[in-house]
Amino acid sequence: MALVFVYGTLKRGQPNHKVLLDGAHGSAAFQGQGYTAEPYPLVIAGEHNIPWLLHLPGRGSCVAGEIYMVDEQMLRFLDDFEGCPDMYQRTTMQVAVREWEGDGGPRDSVLCFVYSTTTYAPEWVHLPYHDSYDSEGPHGLRYNPRENR
């Protein structure tokens with residue numbers, strides 16, 4: 001079992017959250033809410049308005065998201081779903097806990113896997129940085145789901 005931090009379309013209420021609920025992909029159990037302990041740029045980019053966490057520690061904001069406990073099957077599914085290692089790379093990151101619902105009582109921070117990217121277009125560093133993501137947010141950059149492409 002492993003902890004995974006999601007900050008974009010996999011969060012509850014977002015377009016791809018359903019894949020975390022699909023038992024055919026493995027198991028994923030919500031543990032809590034948190035934010036990256038270190039600032040990172042979260043941008044919305046590309047023709048499909050995809051949220052990207054650029055692997056540039058120290059730039060941007062501490063990014064809000066959700067923490068899930070996943071099994072090995074779900075982790076392998078997420079690697080494929082996130083285009084790892086070409087689009088996103090799975091790395092570990094310290095996540096400060098805002099609210100904890102998982103076993104073991106409240107925690108200050110946890111080490112999680114996260115899908116960030118080092119393979120982005122250079123101009124993306126100049127896009128607006130966000131501290132949280134909502135596909136329907138005020139940014140006006142609605143995510144184009146895979147099934148519509």
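Provided above is the structure to which this section pertains.
Source: prediction; values computed, not measured. (Residues numbered from 1 in each chain as written. Predicted model: local features only at pLDDT ≥ 70, side-chain atom pairs only at ≥ 80, totals over all residues. Heavy atoms only, no water.)

Participant: Looking at this model, I keep getting lost on the nonpolar core. Mind explaining?
Facilitator: One broad rule of soluble globular proteins: the nonpolar side chains tend to lie buried together. Of all hydrophobic cores here, the largest spans 42 residues; its most connected members are Y7, W52, L53, I67, L78 and V110. Leaving out residues up to four positions away in the same chain, L53 has contacts with Y7, Y40, P41, L42, V63, M93, V114, Y115, S116 and T117. (Core = buried A, V, L, I, M, F, W, Y, C linked by side-chain atoms within 4.5 Å. Buried < 20%, exposed > 50% of the residue type's maximum accessible area, 1.4 Å probe, protein only. Contact = heavy atoms within 4.5 Å.)

Participant: Hey, could you run me through the pairing of strand β6 (residues 89-100) in this one?
Facilitator: Note on strand geometry: in a regular strand, side chains alternate between the two faces of the sheet. For strand β2 (residues 28-36) and β6, the ladder comprises five bridges, and the chain directions are antiparallel. When the bridges of β6 are listed, G34 appears paired with V97. In this structure, β6 lies alongside strand β7 (residues 109-116), joined through eight bridges in antiparallel fashion. Each bridged residue has a counterpart across the sheet, and for T92 the counterpart in β7 is F113. (Pairing = 2+ DSSP bridges. Helix = DSSP H or I, 4+ residues; strand = E, 2+ residues; numbered from the N terminus.)

Participant: Honestly, the pairing of β7 in this entry has me stumped. Any pointers?
Facilitator: The pairing of strand β1 (residues 2-6) with β7 spans two bridges and is classified as parallel. In the strand pairing of β7, F5 is matched with V114.

Participant: Can you walk me through the side chain of E66 in this structure?
Facilitator: With respect to the helices and strands, E66 occurs in strand β5 (residues 64-70). For E66, the side chain forms a polar contact with the main-chain nitrogen of R12, separated by 3.0 Å. Beyond its immediate chain neighbours, meaning those up to four positions away, E66 contacts V4, F5, V6, K11, R12, F30, G32 and Q33. (Polar contact = N/O pair within 3.5 Å; in protein donor to acceptor, adjacent residues only side chain to side chain.)

Participant: Explain the packing of aromatic side chains here, please?
Facilitator: What describes a pair of aromatic rings is the distance from one ring centre to the other and the angle between the planes of the rings. All told, the structure shown has four aromatic pairs when counted by the stated rule. On the basis of an interplanar angle of 75° and a centroid distance of 5.6 Å, the ring pair of F30 and Y68 is categorised as edge-to-face. Placement of the pair is F30 in strand β2 and Y68 in strand β5, with a sequence separation of 38 residues. Looking at Y68, the relative accessible area reads 4%, which means it is buried. Here the aromatic rings of W52 and Y88 are separated by 4.6 Å at their centres, their planes lie at 15°, and the arrangement is stacked. Of this pair, W52 sits in strand β4 (residues 50-53) while Y88 sits in the loop between α2 (72-81) and β6, and the two are 36 residues apart along the sequence. Neither residue differs from the other here; W52 and Y88 are each classed as buried. An aromatic cluster is present here, built from W52, Y88 and W124 joined pairwise through their rings. Sitting above the plane of the F30 ring, R12 keeps its charged end 3.7 Å from the centroid. (Phe/Tyr/Trp six-rings, centres within 6.5 Å; stacked < 30°, edge-to-face > 60°. Lys NZ or Arg CZ within 6 Å of the ring centre and 35° of its normal.)

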